[in-house]
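# Descriptive structure summary
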There are 6 protein chains.
Amino acid sequence: MTDIICSQQRVEECVIKEEPYYVPVGNEVEIFRAAYENKLPVSLKGPTGCGKTRFIEYMAYHLARPLITISCHEDLTANDLIGRFLIKGEGTEWNDGPLTAALKSGAICYLDEFVEARMDTRVVIHPLTDDRRIMPIEKMGIVLQAPPEFMLTISYNPGYQSVLKDLKQSTRQRFVSIDFDYPPVELETDIVAHESGVDEETARTLVDIGHRIRNFKQHGLEEGVSTRLLIYAGMLIRSGIGPREACSVAMVKPITDDADLQKSIDEIISAIME
Amino acid sequence: MTDIICSQQRVEECVIKEEPYYVPVGNEVEIFRAAYENKLPVSLKGPTGCGKTRFIEYMAYHLARPLITISCHEDLTANDLIGRFLIKGEGTEWNDGPLTAALKSGAICYLDEFVEARMDTRVVIHPLTDDRRIMPIEKMGIVLQAPPEFMLTISYNPGYQSVLKDLKQSTRQRFVSIDFDYPPVELETDIVAHESGVDEETARTLVDIGHRIRNFKQHGLEEGVSTRLLIYAGMLIRSGIGPREACSVAMVKPITDDADLQKSIDEIISAIME
Amino acid sequence: MTDIICSQQRVEECVIKEEPYYVPVGNEVEIFRAAYENKLPVSLKGPTGCGKTRFIEYMAYHLARPLITISCHEDLTANDLIGRFLIKGEGTEWNDGPLTAALKSGAICYLDEFVEARMDTRVVIHPLTDDRRIMPIEKMGIVLQAPPEFMLTISYNPGYQSVLKDLKQSTRQRFVSIDFDYPPVELETDIVAHESGVDEETARTLVDIGHRIRNFKQHGLEEGVSTRLLIYAGMLIRSGIGPREACSVAMVKPITDDADLQKSIDEIISAIME
Amino acid sequence: MTDIICSQQRVEECVIKEEPYYVPVGNEVEIFRAAYENKLPVSLKGPTGCGKTRFIEYMAYHLARPLITISCHEDLTANDLIGRFLIKGEGTEWNDGPLTAALKSGAICYLDEFVEARMDTRVVIHPLTDDRRIMPIEKMGIVLQAPPEFMLTISYNPGYQSVLKDLKQSTRQRFVSIDFDYPPVELETDIVAHESGVDEETARTLVDIGHRIRNFKQHGLEEGVSTRLLIYAGMLIRSGIGPREACSVAMVKPITDDADLQKSIDEIISAIME
Amino acid sequence: MTDIICSQQRVEECVIKEEPYYVPVGNEVEIFRAAYENKLPVSLKGPTGCGKTRFIEYMAYHLARPLITISCHEDLTANDLIGRFLIKGEGTEWNDGPLTAALKSGAICYLDEFVEARMDTRVVIHPLTDDRRIMPIEKMGIVLQAPPEFMLTISYNPGYQSVLKDLKQSTRQRFVSIDFDYPPVELETDIVAHESGVDEETARTLVDIGHRIRNFKQHGLEEGVSTRLLIYAGMLIRSGIGPREACSVAMVKPITDDADLQKSIDEIISAIME
Amino acid sequence: MTDIICSQQRVEECVIKEEPYYVPVGNEVEIFRAAYENKLPVSLKGPTGCGKTRFIEYMAYHLARPLITISCHEDLTANDLIGRFLIKGEGTEWNDGPLTAALKSGAICYLDEFVEARMDTRVVIHPLTDDRRIMPIEKMGIVLQAPPEFMLTISYNPGYQSVLKDLKQSTRQRFVSIDFDYPPVELETDIVAHESGVDEETARTLVDIGHRIRNFKQHGLEEGVSTRLLIYAGMLIRSGIGPREACSVAMVKPITDDADLQKSIDEIISAIME
């Protein structure tokens, strides 16, 4: 019943088969391609849900490379990335981690939310991100040389960094860095209509509300509403939920628990939607 | 003597067989159903004991999906959710965790008190909650695609969030969010009478006392008394415990250790009950 | 030479065979019995050594249920309570933890000093303490249904709670709560005489001194002297130790290391005992 | 070449064969004996090196019980005390920890520097120190009953307690408590002469210096010099080291790194020794 | 497809085959060589990306020694460096860690970013860095004597040290220490042109911009832009990316997330590049 | 190629074969010998690189005892010192740790930088350092008696102690304590000349500079320059490095990263060396 869509032991099958829906905003495609040609690692910076993951899928499709995505978190060890020995029958057998698998098959390896990674995980990528492009596997006593097709990319949200989780300069200065933000109005309207199935006018209204909500960042809102949530609201409307209620449960309540903020935003929605 | 009522290896048997007692307060049933149809994850927000768990059982019953509930806490690892290799005979054998089991069988997976979960556990659900709906199992080197029937839901109590445990926007903005609160007076009276077996009048008195206690939140009470505790008091009364004492041990002492607060509330109960 | 008095694999043998010595102070017996009949969990609150453990033994005897006691501490894991796989011969074999064993045999499970338990341990009991009365065993992939005879009880000392260890409302509001305190003078005198073997008059003197010491709580004493220590003093007196010295080593030095406080209390003892 | 002087698997051989040199200061021998007869646990409080360990050896000798000593520290787990399963051949075999071994053979178990123990270790002894005198071994699923000969004793230095390491009242109020301090002048002189082999006069001089140093506690010295260090100084003198230098390396430099304090104390020694 | 370029079990193959591109700035080559001859360990201090790693490769090439590089981080244990027992068939087999492998084969061992190492890892090298030049392997119970060819080197960035991570004097005073900084203008221009393939004039412009950016350290910039990033910018320009955009994504955005700083620096670039 | 110079399983071979170069400063040799004869443990206090390790080697040579040195750090567990069970074939086999090995063979055991050791490691030596001279091996259930030849020594740098790492009085008061400092001028000149091979005059100049640098401790320098670094500078000079540069890389840059301090010290060197 469940499809195993990709096996890291057979990374070559992880190629994205259909062109992902992505509309470029600036020169990001050309810059990424130039970095790829020069074997430079790339970091994508930007807020939640503004299209970083979709962009990397789009580039992997056009560069015809398999894509290995790894969600970083503070319990992901260096060994989880690189691999480990497992007991098998009477001995132990080495199992490649996703980074090693990506390297061996010349894939694009995408470390999502890299600032969440632990220090040891961050340091692991250093030898892969200078001109040596090597990866020591200390547990096996070998050093791997990355093939030319291999590319390392990371993403992070600059708004999330804290003193504890700040990326060090010795890590930062290894990446070409591309900034992402919410798409401009026309483009975001197209995206919301395309992805949720609502008509152009409804999509435009949702984008307008989204912009108003994003302005609340100066009034205590932690982060603006993502394009993804605009699409959620569109989907609920198409399924018959009233527009105001759809906006409330998909665009307001997810982003804040503060009752006063919720009320202020709900009033704006009512004013626009009435 | 003990019934094994549900085996996660046979999740299909975890379907709820009788309709749970639940009376809708607003549009929550329609919103949940629309989210389910659009394959959107849902978060339930609200105080302790106000019916979130019962609601999810009610929806699982009406959507005819098995329900897998996982209580989150800070020692629940990502591997506890996903699965692990166990030594078996001469080799190792993979054992699905509850999240993997739920995904494979198209169940509704309910992560209760999600803000208690560790960061790694929270990040694990990210690829399941965007439009890819995938779950990488890094230890096996595979990526699973969720079937259309699978749904992910979480709950949390917004009053509990602290700086340390706050949900990040990158997690929050993946959910349609439904708010819960204590039911209105008439409805809560019905519930207390139905669940505890006391008569309508006694139930109404207990609900009145409950409302008075909830007002103490402005006077230092951490949280209001839950519907569940009103039912406890009703049960003790029906078993012959004096009403004042029943209220004291079921509705006052459980919610605070502060002697002054206890005394103030006990006086209110005496005034109403005499 | 050592008796194995109870095996959790054979919990049914853990029934208490002789009636424990316990004299009720209020309605605690009736309330506990009503909670048991309604399958409600119970929490016992009160200071050190005031009879909570003895009360639970007394109730287990009269309800004719086996009693499983678990001392909570911050290194007791959820797995210690529930059970684990142990290597056995060529495979692994499941071993029930004490909570699972108690549940299967319909015992009263008593989690002593519950605020000392770690968060994961506290959350484990949540599904057992709502109306579902179930316990998921994630490592085995099964969910157990508690039989009607099973009862969960906890105890804690409200004076010990700190910000870090405070019980959450989502846990508190699952229990009927019974308060305990030191017994009234006459009753405590009987208990001291009965348990230590000293005559009524000596017991009364010890209780008087105990009351004086308990008043020092307003003068920097962390907690009053327990009934248990009064009994210790009585025992030492009966073994020939001088009464003042017996009080000093059994009732003063155990409760404080502060030399000034010790001296003040010793003076009171001298005044009463001379 | 090395003697295995005691095996905990054969605790009965851990009986002390020669009477240890100990001169009682007050009623401590009688109180300890009365506690032993009434099966009460005992705590010994006092500064470093004032004879607590020697006293417990003396009592073990006179009560003719084996003595098991355990140095507590923050990495000593409850399992280290109780025991664990070890892999043996094709299965696992239970190995008693020192507390279990002591209990089974009716030994005196001495937990030295108990405030250094972790919380889980402290809680482990609770059921052993109330009138039940039982020890649950959760890993084996059994509960042991202590034989009448078994006695639990702890020691700690009240001067070391911090907020973090303070003994809780629920632990303190389980022990009869005996205070220790440096012995009076005459007695300490006898001890120093007896143990180091110097003549009475030299011993007396060392004790005098010791008293002077102990007075420095009001001038920034963390703790007074122990009887043990007086004996060290005596030994060095008997081996030909000059008295002033012997006092300096055995009585001054060990107790403080503060150059000013060292100098002040050295001056006192010079004044007395010249 | 992937080359295993070096196996630590066959360290002798880790010799660098081609002369690395490195232009000496001062006497660093002579000092390093003198330290090597006297068997003294060397530490390299300097900012990110200024050529420390390249220098060590250059010296390893000219001294004709294999080079083992280890990236230090806070999860790298002493055992990761020294080695461990692995289960193999029916017993365990010792596997050398990279430090042991380097020592045995007389390699140059380079511990990169040594201040990131944990305390236990730092202490491990102490016996190797005094005149004994030994390494105890406690797990095997042996002590190895380093051959004369073996050399230990570390690097660190003095700007990164914090109170927590400061190198102790007992570690520092074991190394001859060579300072590194960004190369002088002419030299850096040559390097950028050589490594990126841009012409001399473009390289000079990039170096000029780099110097301007480095001056921002007095205005809140954490660290100056590295030579490596200048090379990145050159590579992107050569691949057809506009010079201003190339500088922005390769030299500005990687080093700071501060929007104001980014803008100030972008203005400087525009002024120079127009 | 690599010599295994000492096996702890064959500690008797760890005897030092040639007399180490050590010139006594005061009575330290006699005091150490007297402590050894009286079976008293010894602590060596003093700054980095002033000869503590050399002294202990010198004493081990003259007492004709094997020497086992253990570098302490916060990840060295009690089990690392004592020993552990390793899986071997079908069962487990006990492996002595270095402390146990030293004890069994009557060696001198030297715990270097003892304040770096964890609490559990510190407590482990307590029973070895009172008059019982025993070591319980809890994992084996045995207690070992140290033979008369065994001696325990520790070293530490009093300047390094912090609140967290301070040695407790209960540990301190178990050792005869010998202070170390940099040698007087004449002696240090001899040492530098002897060890580095420079002539007397150059050695004297280096010692003079060393004294000047040590005076900077009152001006912000953490610790003075060690004799070891003076020797390093001499070695570099003998290898042809210019004296000022040799002093800079061997005596200035290793001890501080502060640019102002470096400059001040370099000026002093220039003044002396010109």
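Each value, and the rule that gives it
Residues numbered from 1 in each chain as written. Chains lettered and ligands numbered in written order. Predicted model: local features only at pLDDT ≥ 70, side-chain atom pairs only at ≥ 80, totals over all residues. Heavy atoms only, no water. Least-squares fit on C-alpha atoms with pLDDT ≥ 70 in both. Buried < 20%, exposed > 50% of the residue type's maximum accessible area, 1.4 Å probe, protein only. Helix = DSSP H or I, 4+ residues; strand = E, 2+ residues; numbered from the N terminus. Contact = heavy atoms within 4.5 Å. Phe/Tyr/Trp six-rings, centres within 6.5 Å; stacked < 30°, edge-to-face > 60°. Lys NZ or Arg CZ within 6 Å of the ring centre and 35° of its normal. UniProt positions renumbered as here; feature names shortened; annotations may be inferred. Domains from an automatic or database assignment. Buried area = accessible area lost by both parts, 1.4 Å probe. Salt bridge = Lys/Arg side-chain N within 4 Å of Asp/Glu carboxyl O. Polar contact = N/O pair within 3.5 Å; in protein donor to acceptor, adjacent residues only side chain to side chain. Nonpolar A, V, L, I, M, F, W, Y, C, P; charged D, E, K, R; others polar. Pairing = 2+ DSSP bridges. Axes fitted to C-alpha atoms, helices over the stretch in contact; angles between N-to-C directions. Expected span 1.5 Å × (residues − 1). Parallel < 35°, antiparallel > 145°, perpendicular 65-115°, else oblique. Left-handed = near helix turned anticlockwise from the far one by under 90°.

### A few points about the relation of the copies chain D and chain C
Expressed as a screw transformation, the operator carrying chain D onto chain C has a rotation angle of 60 degrees and an axial translation of 0.0 Å, and the superposed copies differ by an RMSD of 0.1 Å. Taken together, the rotation angle and the small translation identify this as a six-fold axis.

### Thoughts on helix α10 (residues 243-252) of chain B
The element α10(B) is extensively covered by neighbouring structure, given that 7 of its 10 residues are classed as buried. Taken together, the buried positions of α10(B) are occupied by A246(B), C247(B), S248(B), V249(B), A250(B), M251(B) and V252(B). Summarising the contacts, the buried residues of α10(B) are in contact with α8 (200-215), α9 (227-238) and α11 (259-273) of chain B together with α1 (28-37) and β10 (176-179) of chain C.

### Points about the arrangement of the chains
Spatially, chain B is disjoint from chain D: no contact exists, and the shortest C-alpha separation is 12 Å. Structurally, chain C and chain F remain out of contact, their C-alpha atoms never closer than 12 Å.

### Notes on the packing of aromatic side chains
Taken as a whole and judged by the stated rule, the model has 24 aromatic pairs over all chains. On the basis of an interplanar angle of 50 degrees and a centroid distance of 5.4 Å, the ring pair of Y22(C) and F55(C) is categorised as tilted. On the criterion of sequence distance, the pair formed by Y22(C) in the loop between β1 (3-7) and α1 and F55(C) in helix α2 (residues 52-63) is long-range, its members being 33 residues apart. Residue Y22(C) is classed as buried on the basis of its relative accessible area, which comes to 13%. When the centroid spacing of 5.6 Å and the interplanar angle of 90 degrees are considered together, the rings of F32(F) and F55(F) count as edge-to-face. Here F55(F) lies in helix α2 (residues 52-63) and F32(F) lies in helix α1 (residues 28-37), a separation of 23 residues in the sequence. Residues F32(F) and F55(F) agree in their burial class; the two are buried. Three or more aromatic residues link up through ring pairs in this structure, and these residues are Y22(A), F32(A), F55(A), Y58(A) and F180(A). In this arrangement the basic side chain of R214(C) is found over the ring face of Y182(C), its NZ or CZ atom lying 3.7 Å from the centre.

### A closer look at the UniProt feature "domain: CbbQ/NirQ/NorQ C-terminal" (unreviewed entry) in chain A
This chain's UniProt record puts "domain: CbbQ/NirQ/NorQ C-terminal" (unreviewed entry) on residues 188-271 of chain A. Split by type, residues 188-271 of chain A is 71% helix and 0% strand. Its first and last C-alpha atoms lie 21 Å apart.

### Description of the domain arrangement of chain A
Accessible area lost when the parts come together is the quantity often used to give the size of an interface. All names here are of chain A. Partitioning chain A into structural domains gives domain 1 (11-179) and domain 2 (185-273). Between the C-alpha centres of domain 1 and domain 2 there is a distance of 32 Å. Taken together, the 10 residues of domain 1 in the interface contact 9 residues of domain 2. Summed over both sides, the interface of domain 1 with domain 2 buries roughly 710 Å², with 56% coming from carbon and sulfur. The largest share of the area that domain 1 buries against domain 2 comes from Y21, T48 and G49, three residues that together contribute 63% of it. Scanning the region where domain 1 abuts domain 2 turns up 1 salt bridge. The salt bridge involving E195 is made with R54; its shortest N-O contact spans 3.3 Å. Put simply, domain 1 and domain 2 have 4 residue pairs in polar contact (both at pLDDT 80 or more) between them. Residue composition of the side of domain 1 that touches domain 2, by class: 6 nonpolar, 3 polar and 1 charged.

### What about the interface of chain C and chain B?
Listed per partner, the contact involves 50 residues of chain C and 53 residues of chain B. Carbon and sulfur atoms supply 50% of the area that chain C and chain B bury against each other, a total of about 4,400 Å² over both sides. The largest contributions to the chain C side of the interface with chain B come from E138(C), Q169(C) and Q173(C), which together make up 16% of the buried area. Here chain C and chain B share 4 salt bridges between them. For D257(B), the salt bridge is made with K45(C), and the minimal N-O distance between the two is 2.6 Å. Summed over the shared surface of chain C and chain B, the result is 18 residue pairs in polar contact (both at pLDDT 80 or more). Those elements giving two or more residues to the side of chain C that touches chain B turn out to be α1, β5 (91-96), α4 (98-104), α5 (119-124), β8 (142-145), α6 (169-172) and β10 of chain C. Sort the elements by how many residues they give to the side of chain C that touches chain B and α1(C) lands first, with 5 residues.

### Thoughts on the sheet that holds strand β9 (residues 151-156) of chain A
All names here are of chain A. Pairing is parallel across the open sheet formed by 5 strands, whose spatial order is β3-β6-β9-β2-β10. Every interior strand has two partners, whereas the edge strands, β3 (67-71) and β10 (176-179), have only one. Strand-to-strand twist in this sheet, taken as the mean axis angle between neighbours without regard to direction, amounts to 20 degrees. Bridge analysis of β3 against strand β6 (residues 108-112) gives 5 bridges, and the strand direction is parallel. Counterpart to I68 in the pairing with β6 is C109.

### A look at the relation of the copies chain C and chain B
Between chain C and chain B, which share one sequence, the superposing operator has a rotation angle of 60 degrees and an axial displacement of 0.0 Å; the RMSD is 0.0 Å. An asymmetric contact is evident, with only 2% of the interface residues of chain C recurring at the interface of chain B.

### Describing helix α9 (residues 227-238) of chain A
In this model α9(A) runs 17 Å from its N-terminal to its C-terminal C-alpha over 12 residues, within 8% of the 16 Å that 1.5 Å per residue would give. With 11 of its 12 residues buried, α9(A) lies for the most part within the structure. Along α9(A), the residues that are buried comprise T227(A), R228(A), L229(A), L230(A), I231(A), Y232(A), A233(A), G234(A), M235(A), L236(A) and I237(A). Turning to α9(A), the residues buried within the fold contact α7 (185-196), α8 (200-215) and α10 (243-252) of chain A together with α1 (28-37) and β10 (176-179) of chain B. Downstream of α9(A) by one or two residues, G240(A) has phi in the positive range, about 100 degrees.

### A few points about the pattern of salt bridges
Side chains carrying opposite charge are able to pair once their charged atoms draw close together. The final tally for this structure, using the stated rule, is 69 salt bridges over all chains. E116(A) is the partner of K168(B) in a salt bridge, and the nearest nitrogen-oxygen pair spans 2.3 Å. Here the residue K168(B) occupies a position in the loop between β9 (151-156) and α6 (169-172), and E116(A) occupies one in the loop between β6 and α5 (119-124), the pair thus bridging two chains. Since its relative accessible area comes to 7%, E116(A) is described here as buried. Each of R54(A), E57(A), E195(A) and D131(B) takes part in one network of salt bridges that share partners.

### Thoughts on the interface of chain D and chain C
With 51 residues of chain D at the contact, the number on the chain C side is 53 residues. Between chain D and chain C, a total of about 4,400 Å² is buried, with carbon and sulfur atoms accounting for 50% of that surface. Ranking the residues of chain D by area buried against chain C places E138(D), Q169(D) and Q173(D) at the top, with a combined share of 16%. The tally of links between chain D and chain C comes to 4 salt bridges. Viewed at the interface, chain C and chain D are joined by 19 residue pairs in polar contact (both at pLDDT 80 or more). Looking at the side of chain D that touches chain C, the elements with two or more residues in it are α1 (28-37), β5 (91-96), α4 (98-104), α5 (119-124), β8 (142-145), α6 (169-172) and β10 (176-179) of chain D. The leading source of residues in the side of chain D that touches chain C is α1(D), at 5 residues.

### Structural notes on the sheet that holds β10(C)
Residue and element names in this part refer to chain C. The strand order across the open sheet built from 5 strands is β3-β6-β9-β2-β10, with neighbouring strands paired in parallel fashion. Here the strands that pair on one side only, and so sit at the sheet edges, are β3 (67-71) and β10. Pairs of neighbouring strands in the sheet enclose a mean axial angle of 20 degrees, with direction left out of account.

### Notes on the packing of α8(B) against α11(B)
Geometrically, a packed helix pair is captured by the angle between its two axes and the distance between the axes. All names here are of chain B. At their nearest, the axes of α8 and α11 sit 10 Å apart, and the two run at 150 degrees to each other. Taken together, the axes of α8 and α11 are roughly antiparallel relative to one another. At the point where α8 passes α11, the crossing takes the right-handed sense. When α8 is examined against α11, the residues T205, L206, I209, R212 and I213 are found in contact with a partner set consisting of I265, I268, I269, I272 and M273. Looking at the contact of α8 with α11 residue by residue, the classes come out as 8 nonpolar, 1 polar and 1 charged.

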